[in-house]
Each structure stands twice: as structure tokens, then as C-alpha cells.
Amino acid sequence: MARHVNSALEMSTSDIEQIFVYAHTLKKQWSQGVRHPLLANRVLTQVFEKPSLRTRVSFEAAMMQLGGSSIFLSSKDAGIGGRESICDVARVLGGYSDVIVLRTFSQQLIDEFIRCSGTHVINGLSDLRHPCQALTDLFTMQEAFGDLRGKKFVFVGDGNNVATSLAAVCARLGVPLTICAPLDYRIEDGYLAELKAVVPNAEVVQTCEFKSALKDAAIVYTDVWTSMGQEAEAAERKQVFASYQVNAELMKLAPKTARFMHCLPAKRGQEVTDDIIDGPQSIVFEQAANRMHLAKGLLCWVLGVEP
Ligand code: CP
Ligand code: NVA
């Protein structure tokens, strides 16, 4: 049966822990110069409707370092939903590929693709989800802090695709999450209700109060104010989020031991200032590098190959 990574909500705590163990093992081997061809002759196909640096390249590099190969198609080349139906593309690509990564404007496209796909599908970002990012983020947090239980994760900014996926992974790993966002830009109640239904003791707080939010933070995280696909709202969002910039003043509200994270790409000078993203508390480039190690863990887990 195909194993999909669509929403982080669908993953259990033990799924996530197993992926982290795989990623950790593969990262250790990689750092020792060991690259076992665990996925020799396996083919990854990536179809993206939006630009990507980290997701695309980390999956390609992961696949190649594990002995497999990787094909990239823009959605236009794939003709998805235009030249032919989503289902027809899913069935055809599934015949050539061992695993497919999709990046789309709409989550519905990925859901529809998965309904028709006989092969493993990974969500490489949609308007609503970014599970590979959130898994990498908690993996990076675990490297920084060891035991994660009870360590506070604070997300400052838009309750977007990254925030919703972080909420699911934090909940599964017992990490209390605070979303510090303007009232109209919080994670939707419907999603939080779904989250509570699968993880009843999930701790998620949404607030506009910086002081209480940042107190005891282990991680301070932000993302762009305008995500891909929302460009028409950029001017309005710049105003709404103006006081949500992660800068030295805001970081002073968090303990000195707090680490700063950002999924990247960053709009420097908007949601974060240079002194913070390049400063001593920042672990954003370790986080970005971990995208590849996590991708390796995820590919092995999806394909049932134990490193
Ligand atoms: N963080 C992330 O997904 O980056 P890309 O958009 O470059 O893939
Ligand atoms: N929220 C951002 C994440 C980019 C990795 C976006 O969707 O554009």
C-alpha cells in the first residue's frame, strides 16, 4: 500500500520518531563520508507549481546521495490539470516513479492526486501545509535541545502553511506551541479542532501578547508575511504584521538560551532583521541543511528501507 506524507496530522508520534532516527543515522553516516546506496535504482519525480530552492534541491540531493535518481517537472511540463486531468497525471507518473513530491498552490490538488495515485506521494508545500519543513524544524530543535517535551515553541507572524504543520508535529512530540499572530491571521479553529481530536492533550495557544508569548521560549520562529500565491495582499500584510518583526527588541523578551529559526526564504528587514537571522541565537542554516537529512529519512521511511 502506498505511504503518503500529506498532512503532518496524519502522522503518529512513532512515525515521526522513526523518521528522526533514520534522518539522524543518515546524517551521521554522511558526516563520516559514508553514503550507502540504499535507494539504488529508485526514481523520485518532483512536480512543482511554485519556485523552490530547499525542497527541490534537498530531495534531489538526498535521492542521489542514496544511489537513486530524481526527475524534476514544472507543473506546466507535467500538464497537470491543463493538458490532462490531475488523476491521469497521477496514474501515469505513478507508473514510472517510486515516489512523487508535489508543490502546489492548492491543497486540493494534492488530495486529488493522492486519491488517484498508486505510488507514494509527499506534500512538498501547498497553501495549507508544509509537513517536510515542520518535521525538519522539530528534528533541528531536538538536535539543539535534546529532550523536547515541555520545551516551548513560539511562532511569530502568519498562521500559515508552515504554522499549521508545526502545530501538528509539536502536538505529536509534546511540545507546547504559542502562535503570536494578529487576530485575523491565526490558525483556523477548524484545524485546531481536528488537531485536538487526534492529540487531545495538544498545547496550542494563540495570542497577540508578545511578553507572555516569548517568556520561556526555547524556539522563536518566523516566516514571511506574504506566502507564495498571496502576492496581491503584500501591501496590506506589510501593515498588519509591522509590529510582528523579529528584531533585537522582541528577542529580548525571550531567554538568552532561545534559538531563532526561519524556514527560509526570508524577507530580511521585514519579518526578521539581519542582526537576528545572522546573530548568535540563529540556527537557520543548520535548519536549512537538515532539510536534506530529513528528506533522506523520509524517503527511506516512505519506501520501507531501514538505514
Ligand atoms: N523552506 C522551503 O520550503 O524553501 P523552498 O521554498 O526554497 O523550497
Ligand atoms: N509560507 C511560505 C513558506 C515558504 C517555504 C510560503 O508558502 O511561501
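The structure displayed is predicted, hence computed values, not measured ones.

1. Details of the overall build of the protein chain
Point 1. Within the protein chain, the regular secondary structure consists of 13 helices and nine strands.
Point 2. Once the C-alpha set of the protein chain is aligned to its principal axes, its extents read approximately 55 × 45 × 40 Å.
Point 3. When each of the 307 residues of the protein chain is scored for burial, the buried share is 55%.
Point 4. For the protein chain, the computed accessible surface area is about 13,300 Å², with 51% contributed by carbon and sulfur atoms.

2. Notes on the packing of aromatic side chains
Point 1. Enumeration according to the criterion identifies eight aromatic pairs in this entry.
Point 2. Ring centres 6.0 Å apart and planes at 20° place the aromatic pair tryptophan 225 and phenylalanine 241 in the stacked group. Taken together, the positions of tryptophan 225 in the loop between strand E8 (217–222) and helix H10 (234–240) and phenylalanine 241 in the loop between H10 and helix H11 (248–251) put the pair 16 residues apart, joining distant regions of the chain.
Point 3. Cluster of aromatic residues (ring-pair linked, three or more members): Tyr185, Phe210, Trp225, Phe241 and Tyr244.
Point 4. In this structure, arginine 3 packs its charged tip against the face of tryptophan 301, placed 4.0 Å from the ring centre.
Point 5. Lying across the ring of phenylalanine 72, arginine 56 places its NZ or CZ 3.5 Å from the centre.

3. Comments concerning the nonpolar core
Note that soluble globular proteins tend to have their nonpolar side chains buried in a common cluster.
Point 1. With 65 residues, the main nonpolar core has Ile122, Leu138 and Phe153 as its most contacted residues.
Point 2. Residue contributions to this core peak at nine residues, all from helix H13 (residues 284–303).
Point 3. Discounting chain neighbours no more than four positions away, the residues touching phenylalanine 153 are Leu138, Met141, Leu166, Cys170, Val175, Pro176, Leu177, Thr178, Ile219 and Tyr221.
Point 4. Ranked by size, the runner-up nonpolar core spans 23 residues in total, among them Phe241, Tyr244, Leu264 and Val272.

4. Observations regarding the side chain of threonine 222
Point 1. The residue threonine 222 is located in strand E8 in this model.
Point 2. The buried category is assigned to threonine 222, whose relative accessible area is 0%.
Point 3. Polar side-chain contacts of threonine 222 include one of 2.7 Å to the backbone oxygen of valine 156.
Point 4. Other than its neighbours up to four places away in sequence, threonine 222 contacts Val156, Val246, Phe260, Met261, His262, Cys263, Glu271 and Val272.

5. What to know about the site of ligand 2
Point 1. The immediate surroundings of ligand 2 are formed by Leu125, Asn160, Asn161, Asp223, Val224, Ser227, Met228 and Leu264.
Point 2. A distance of 3.4 Å separates a nitrogen atom of ligand 2 from a polar atom in the side chain of asparagine 160.
Point 3. At 2.7 Å, a side-chain N or O of aspartate 223 approaches a nitrogen atom of ligand 2.
Point 4. Protein chains shield 94% of the accessible area of ligand 2, which is 270 Å² for the free molecule.
Point 5. Of the residues in the shell around ligand 2, the class split is four nonpolar, three polar and one charged.

6. Focus: the sheet that holds E8
Point 1. Spatial ordering of the open sheet is given by E7-E6-E5-E8-E9, a layout of five strands whose pairing is parallel. Of all strands in the sheet, those with a lone pairing partner are strand E7 (204–207) and strand E9 (259–262), marking the two edges. Within this sheet the neighbouring strands show an average axis-to-axis angle of 20°, counted without direction.
Point 2. With four bridges joining them, strand E6 (residues 177–180) and E7 adopt parallel strand pairing. Directly across from isoleucine 179, in E7, lies its bridge partner glutamine 206.
Point 3. Running at roughly 145° to E8, helix H6 (residues 131–145) makes contact with strand E5 (152–156), E8 and E9 of the sheet.

7. Some points on the sheet that holds strand E2 (residues 69–74)
Point 1. With respect to topology, four strands assemble into an open sheet ordered E2-E1-E3-E4, the strand pairing being parallel. The outermost strands of the open sheet, each flanked by one partner alone, are E2 and strand E4 (120–123). When the angles between neighbouring strand axes are averaged without regard to direction, this sheet yields 20°.
Point 2. As paired strands, strand E1 (residues 43–48) and strand E3 (residues 99–103) are joined by five bridges and run parallel to one another. Of the residues in E3, the one forming a bridge with glutamine 46 is valine 101.
Point 3. On the sheet, helix H5 (residues 107–116) packs against E3 and E4 and is oriented at approximately 170° with respect to E4.

Conventions adopted
Numbering of residues starts from 1 in each chain and follows the order in which that chain's sequence is written. To read the labels, note that chains go from A and ligands from 1, taken in the order they are written. Residues qualify for local features only when their pLDDT is at least 70, as the model is predicted, and side-chain atom pairs are given and counted only at 80 or more; totals for whole chains, interfaces and linings, by contrast, use all residues. Where side-chain values are given, they derive from all heavy atoms of the structure, hydrogens and water being excluded. To qualify as a helix, a DSSP run of H or I must reach at least 4 residues; to qualify as a strand, a run of E must reach at least 2; elements of each kind are numbered from the N terminus. Using a 1.4 Å probe on the protein chains alone, a residue whose accessible area is under 20% of its type maximum counts as buried, one over 50% counts as exposed, and one in between counts as partly exposed. Throughout, the Shrake-Rupley method with a 1.4 Å probe supplies accessible areas, and for residues the shown protein chains are the sole cover considered. The criterion for an aromatic pair is that two Phe, Tyr or Trp rings (for Trp, the six-membered ring) have centres within 6.5 Å, with stacked assigned to planes under 30 degrees apart, edge-to-face to planes over 60 apart and tilted to the rest. Should the NZ of a Lys or the CZ of an Arg lie within 6 Å of a ring centre and within 35 degrees of the ring normal, that charge is described as sitting over the ring. The term nonpolar core refers to a set of buried residues drawn from Ala, Val, Leu, Ile, Met, Phe, Trp, Tyr and Cys, joined through side-chain atoms within 4.5 Å. Working rule for contacts: check all heavy atoms of both residues, and any pair within 4.5 Å makes them a contact. Here a polar contact means two N or O atoms within 3.5 Å. Within protein one must be a hydrogen donor candidate and the other an acceptor candidate, and residues neighboring in sequence count only if both atoms are side-chain atoms. Here a residue is considered near a molecule or strand provided that any single heavy atom belonging to it is located within 4 Å of it. Side-chain classes follow a simple rule in which Ala, Val, Leu, Ile, Met, Phe, Trp, Tyr, Cys and Pro form the nonpolar group, Asp, Glu, Lys and Arg form the charged group, and the remainder, Gly included, forms the polar group. If DSSP finds at least two bridges between two strands, the strands pair. Axis lines are fitted through C-alpha atoms, for helices just across the contact stretch, and the angle between N-to-C directions can take any value from 0 to 180 degrees.

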